[in-house]
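Descriptive analysis of the structure
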Amino acid sequence: MMKANMKSGTTLRTPFWKAAYQSLPQTARQRHLAYIEQAESWDLALDAASDALSRAKGALARLLDMPTRPRSAH
């Protein structure tokens, strides 16, 4: 299912994926919009998963009272 093009409001939210869409020739934009939206969705989901894992690692380190990074002797 295709969504509306950029002129009538796309669901693209990030500057990277908006620029990727805009870089396509006008004749190819509508044809590839659904793929770009799906790629952006995966990108945002992976970012969220990475952030969640990072927070979990920090919480676990605090729980076990372990430093998350080696500390400098200086």
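Up top is the structure these notes are about.
A short tour of the structure in this document, coming up. None of the values given here were measured: they were computed from a predicted structure.

What counts and how
- Residues numbered from 1 in each chain as written.
- Predicted model: local features only at pLDDT ≥ 70, side-chain atom pairs only at ≥ 80, totals over all residues.
- Heavy atoms only, no water.
- Helix = DSSP H or I, 4+ residues; strand = E, 2+ residues; numbered from the N terminus.
- Buried < 20%, exposed > 50% of the residue type's maximum accessible area, 1.4 Å probe, protein only.
- Areas by Shrake-Rupley, 256 points an atom, 1.4 Å probe, with all protein chains shown as cover.
- Expected span 1.5 Å × (residues − 1).
- Axes fitted to C-alpha atoms, helices over the stretch in contact; angles between N-to-C directions.
- Parallel < 35°, antiparallel > 145°, perpendicular 65-115°, else oblique.
- Left-handed = near helix turned anticlockwise from the far one by under 90°.
- Contact = heavy atoms within 4.5 Å.
- Nonpolar A, V, L, I, M, F, W, Y, C, P; charged D, E, K, R; others polar.
- Phe/Tyr/Trp six-rings, centres within 6.5 Å; stacked < 30°, edge-to-face > 60°.
- Lys NZ or Arg CZ within 6 Å of the ring centre and 35° of its normal.
- Core = buried A, V, L, I, M, F, W, Y, C linked by side-chain atoms within 4.5 Å.

What follows deals with the overall build of the protein chain. Helices and strands together make up the secondary structure of the protein chain, namely 2 helices and 0 strands. When the 74 residues of the protein chain are sorted by exposure, 18% land in the buried category. Roughly 6,100 Å² of accessible area belongs to the protein chain as shown, and the carbon and sulfur atoms make up 60% of that amount.

Let us look at helix 2 (residues 26-64). Under the 1.5 Å per step criterion, the end-to-end length of helix 2 is 55 Å for 39 residues, consistent within 8% with the ideal 57 Å. Following helix 2 by one or two positions, Asp65 has its phi on the positive side, about 55°.

Once that is clear, we can look at the packing of helix 1 (residues 15-23) against helix 2. At a minimum axis distance of 10 Å, the contact between helix 1 and helix 2 shows a crossing angle of 160°. Relative to helix 2, the element helix 1 lies roughly antiparallel. Once helix 1 is placed against helix 2, the crossing between them reads as right-handed. Note on element contacts: helix 2 touches helix 1 through Arg29, Gln30, Leu33, Ile36, Ala39, Glu40 and Asp43, opposite Trp17, Ala20, Tyr21 and Gln22. Its residues assigned to classes, the contact of helix 1 with helix 2 shows 6 nonpolar, 2 polar and 3 charged.

The subject of this paragraph is the packing of aromatic side chains. Applying the stated rule across the entire model yields 1 aromatic pair. Across the ring face of Tyr21, the terminal group of Arg29 is positioned such that the distance to the ring centre comes to 5.7 Å.

What follows deals with the nonpolar core. Formed by Leu12, Trp17, Tyr21, Leu33 and Ile36, the largest nonpolar core amounts to 5 residues. Elements with a minimum of two residues in this core: helix 1 and helix 2.

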